[in-house]
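Here are the chains, one letter per residue:
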Amino acid sequence: KLDLYVLSHKGEHQYRLTFKTTPVDWNEFLRVWEASFDWDMMRYPLLTQVRDGEHIYLKGNRLQLRTRAAVRRTELPPTELAHYIHRIFHIAPEIVHRALNILKRRGESYGQATSS
C-alpha cells in the first residue's frame, strides 16, 4: 500500500489517503469506478493550483489562498462560481459550465452558476 501525506506550511504531516497496490480484475475496477461518482467528494467542484508561490484551493464555493505568510478564505456566490473558476484557474468557460451543469442535474447547488 501507499499512504499519501501532505506536508503543511508548518512542517506537519497530514494523512490524506491510502492507495492499495494489489491489482483488481476489470469488473471490480468498473464497479468501484462507477460507485465513486456517488462519493461525497464528487458532489462539488474541487480545484487546486500552485502559482507564483500561492496555493489556490477551491472546494465547493469556498476559496482559500495560502502563502507562506497568510491564509485568506472567501465564500464565493454560487451564481458567480463559473466566472471565478474561469478567471482564477483559467479553465475554458464552456468546460466550467458543462461541469457545473452536471452537478446541477444531480441536484447540487453548485450547478446554479449563471455567469461566465
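Keep in mind it's a predicted model, so treat the numbers as computed, not measured.

1. Some points on a nonpolar patch on the surface
Here is step 1 of the chain: Taken together, the side chains of Val-24, Trp-26, Phe-29, Leu-30, Val-32, Trp-33, Phe-37, Trp-39, Met-41 and Met-42 make up a nonpolar region of the molecular surface, amounting to roughly 970 Å² of accessible area.
Here is step 2 of the chain: Inspection of the secondary structure assignment puts Val-32 in helix H1 (residues 26-36).

2. Section: the packing of aromatic side chains
Here is step 1 of the chain: Counting across every chain of the model gives four aromatic pairs.
Here is step 2 of the chain: Look at Tyr-5 and Tyr-15: their rings are 5.6 Å apart centre to centre, the planes differ by 70 degrees, and that puts the pair in the edge-to-face class. Here Tyr-15 lies in strand S2 (residues 13-19) and Tyr-5 lies in strand S1 (residues 2-7), a separation of ten residues in the sequence.
Here is step 3 of the chain: Look at Tyr-5 and you get partly exposed, because its relative accessible area is 42%.
Here is step 4 of the chain: On the accessibility criterion, Tyr-15 (43% relative accessible area) is partly exposed.
Here is step 5 of the chain: One aromatic cluster is present, built from ring pairs that chain together Trp-26, Phe-29, Trp-33 and Phe-37.

3. Thoughts on the packing of helix H2 (residues 81-89) against helix H3 (residues 93-105)
Here is step 1 of the chain: Between H2 and H3, the least distance of the axes is 9 Å, while the angle of their chain directions is 140 degrees. Judged by the inter-axis angle, H2 sits oblique to H3. Considering how the two elements wind past one another, H2 and H3 form a crossing that is right-handed. Seen from H2, the contacting residues are Leu-81, Ala-82, Ile-85 and His-86; seen from H3, they are Pro-93, Val-96, His-97 and Leu-100.

4. Comments concerning the layout of surface pockets
Here is step 1 of the chain: Considered as a void within the structure, the largest pocket measures approximately 770 Å³ in volume.
Here is step 2 of the chain: Lining the largest pocket are 22 residues, with Val-6, Arg-16, Thr-48, His-55 and Tyr-57 positioned closest to its centre.
Here is step 3 of the chain: Broken down by secondary-structure element, the contributors of at least two residues to the lining of the largest pocket are S1, S2, strand S3 (46-51), strand S4 (54-59) and strand S5 (62-66).
Here is step 4 of the chain: A breakdown of the residues in the lining of the largest pocket according to their chemical character gives nine nonpolar, eight polar and five charged.

5. Overview of the side chain of Asn-61
Here is step 1 of the chain: Its place among the elements puts Asn-61 in the loop between S4 and S5.
Here is step 2 of the chain: Within the structure, the side chain of Asn-61 is placed 2.7 Å from the backbone oxygen of Leu-76, a separation counted as a polar contact.
Here is step 3 of the chain: With near-sequence residues (within four places) excluded, Asn-61 lies in contact with Thr-74, Glu-75, Leu-76, Pro-78, Leu-81 and Tyr-110.

6. Comments concerning the side chain of Gln-64
Here is step 1 of the chain: With respect to the element layout, Gln-64 can be found in strand S5.
Here is step 2 of the chain: There is a polar contact of 3.0 Å between the side chain of Gln-64 and the side chain of Arg-73.
Here is step 3 of the chain: The contact partners of Gln-64, leaving out residues within four places of it in the chain, are His-55, Ile-56, Tyr-57, Val-71, Arg-72 and Arg-73.

Reading guide: rules and limits
Residues numbered from 1 in each chain as written. Predicted model: local features only at pLDDT ≥ 70, side-chain atom pairs only at ≥ 80, totals over all residues. Heavy atoms only, no water. Patch = residues over 30% accessible without salt bridge, like charges linked within 9 Å, V, L, I, M, F, W, Y side chains within 5 Å. Areas by Shrake-Rupley, 256 points an atom, 1.4 Å probe, with all protein chains shown as cover. Salt bridge = Lys/Arg side-chain N within 4 Å of Asp/Glu carboxyl O. Helix = DSSP H or I, 4+ residues; strand = E, 2+ residues; numbered from the N terminus. Phe/Tyr/Trp six-rings, centres within 6.5 Å; stacked < 30°, edge-to-face > 60°. Buried < 20%, exposed > 50% of the residue type's maximum accessible area, 1.4 Å probe, protein only. Axes fitted to C-alpha atoms, helices over the stretch in contact; angles between N-to-C directions. Parallel < 35°, antiparallel > 145°, perpendicular 65-115°, else oblique. Left-handed = near helix turned anticlockwise from the far one by under 90°. Contact = heavy atoms within 4.5 Å. 1 Å grid on protein atoms, 1.4 Å probe; cavity = no way out; pocket = protein on both sides within 12 Å on 5 of 7 lines; lining within 4 Å. Points joined across faces, edges and corners; volume = space filled by probe spheres on them. Nonpolar A, V, L, I, M, F, W, Y, C, P; charged D, E, K, R; others polar. Polar contact = N/O pair within 3.5 Å; in protein donor to acceptor, adjacent residues only side chain to side chain.

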